[in-house]
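# Residue-level structural notes
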Amino acid sequence: MGCAVLEKEHAFPALRLDLFDVPTQDRLTSPHPSQHRPRFLVLYGSLRERSYSRFLAFEAARLLEAMGGEVKVFDPTGLPLADGAPETHPKVQELRSLAAWAEGMVWCSPERHGAMTGVMKTQIDWIPLSVGAVRPTQGKTLAVMQVSGGSQSFNALNQMRVLGRWMRMITIPNQSSVAKAFAEFTEEGRMKPSAFYDRVVDVMEELFKFTLLTRDVSGYLVDRYSERKESAEEISKRVSQRAI
């Protein structure tokens, strides 16, 4: 009905009415919701033997598993710099396979020189924006966390949020920044009770909820008019070329 009114009134002359979509509530509910456990990939940004970002990543993984999720933590050891090796490199293939498998992700980086680490950025850079017609990260959920050696900061978090948006992920509102991380973990690498730990629980709860809410309708959530238009024009061009 909306399209008919638009066409009659010529209200939007620049709009392709045949590609215009009116969002509806029923399309945001899957008739056959997934029954498998939500799948999460956790990435951390340090190779140090006593890595607080790794400790925090595993705390997140334990919480997600306790909520009923299936979780895999990627070890970045041996991952080459982006473009420093062929895509067939075993660690690159492992990372890409996990990114395709996951329905949600957790990115956890230390802050170094006011930014995320190169280890963290390298992992993200190896995850392609597209593989053929498939976007490995599009519509998947993302939670971001960081650890700092000094006072609380949000620089790495802000950078990862930008990257999450660029990767077309659904980055949840909540986030975790653990200050003076060296004081927040036991010798065994477990996080001590604190307001910082409580926030980590909050973030994982929110990530789990958003993943349940969006995983079956992520394709619809990130479907775009501009891309439908581009696809239609490409199809038309191919048909015309074949006709010639």
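The coordinates are above.
Residues numbered from 1 in each chain as written. Predicted model: local features only at pLDDT ≥ 70, side-chain atom pairs only at ≥ 80, totals over all residues. Heavy atoms only, no water.

## Observations regarding helix α4 (residues 118-126)
The following threshold applies: Exposure is judged per residue with a 1.4 Å probe applied to protein chains only, and the accessible area is read against the type maximum: over 50% gives exposed, under 20% gives buried, and values in between give partly exposed. By definition, any uninterrupted DSSP run of H or I lasting at least four residues is a helix, any uninterrupted run of E lasting at least two residues is a strand, and each is numbered from the N terminus. We call two residues contacting when some pair of their heavy atoms lies within 4.5 Å.
Within the sequence span of α4, burial applies to Met-120, Thr-122, Gln-123, Ile-124 and Trp-126. Buried positions along α4 lie against β1 (39-44), α3 (90-101), β3 (104-112), β4 (115-116) and α5 (155-166).

## Thoughts on the packing of aromatic side chains
We apply this condition: Two aromatic rings from Phe, Tyr or Trp, using only the six-membered ring of Trp, form a pair when their centres are within 6.5 Å; if the ring planes differ by under 30 degrees the pair is stacked, by over 60 it is edge-to-face, and anything between is tilted. Whether a charge sits over a ring comes down to the Lys NZ or Arg CZ being within 6 Å of the ring centre and within 35 degrees of the ring normal.
Scanning the model with the defined rule gives 4 aromatic pairs in all. Taken together, a centroid distance of 5.9 Å and an interplanar angle of 80 degrees make the contact between Tyr-52 and Phe-55 edge-to-face. Highlighted residues: Tyr-52 and Phe-55, both in helix α2 (residues 52-66), separated by 3 residues, approximately one helical turn. Look at Tyr-52 and Phe-185: their rings are 5.9 Å apart centre to centre, the planes differ by 35 degrees, and that puts the pair in the tilted class. Of the two residues, Tyr-52 is situated in helix α2 and Phe-185 in the loop between β7 (176-178) and α6 (195-214); the sequence distance between them amounts to 133 residues. Given a relative accessible area of 16%, Tyr-52 falls into the buried group. Members of the aromatic cluster, each reached through a chain of ring pairs, are Tyr-52, Phe-55 and Phe-185. Here the basic side chain of Lys-72 rests over the ring of Trp-101, its NZ or CZ set 4.5 Å away from the ring centre.

## A look at the side chain of Ser-53
Basically, it comes down to this: Between N or O atoms, a polar contact is any pair within 3.5 Å; within protein, one atom must be a potential hydrogen donor and the other a potential acceptor, and residues adjacent in sequence are included only when both atoms are from side chains.
Along the chain, the position of Ser-53 falls in helix α2. Here Ser-53 falls in the buried class, since its relative accessible area comes to 1%. Within the structure, the side chain of Ser-53 is placed 3.2 Å from the side chain of Ser-51, a separation counted as a polar contact. Filtering out sequence-adjacent residues up to four positions away, Ser-53 remains in contact with Tyr-44, Gly-45, Ser-46, Cys-108, Ser-109, Pro-110 and Val-147.

## Brief notes about the environment of His-113
Here His-113 lies in the loop between β3 and β4. C-alpha of His-113 to C-alpha of Ala-156: the two residues are 43 residues apart in sequence and 9.8 Å apart in space.

## Topic: the pattern of salt bridges
Counted only if it meets this: What makes a salt bridge here is a side-chain nitrogen of Lys or Arg within 4 Å of a carboxyl oxygen of Asp or Glu, nothing more.
Evaluated as defined, the whole model comprises 11 salt bridges. Between Glu-103 and Arg-215 there is a salt bridge; the shortest N-O distance is 3.0 Å. You can see Glu-103 sitting in the loop between α3 and β3 and its partner Arg-215 sitting in the loop between α6 and α7 (218-221), a full 112 residues away along the chain. Of the two residues, Glu-103 and Arg-215, both sit in the buried class. Of the charged contacts, one joins Glu-227 and Arg-168 as a salt bridge, the two residues approaching to 2.5 Å between their closest N and O atoms. Of this pair, Glu-227 sits in helix α8 (residues 225-243) while Arg-168 sits in the loop between α5 and β6 (170-171), placing them 59 residues apart in sequence. Assessed through its relative accessible area of 22%, Glu-227 is described here as partly exposed.

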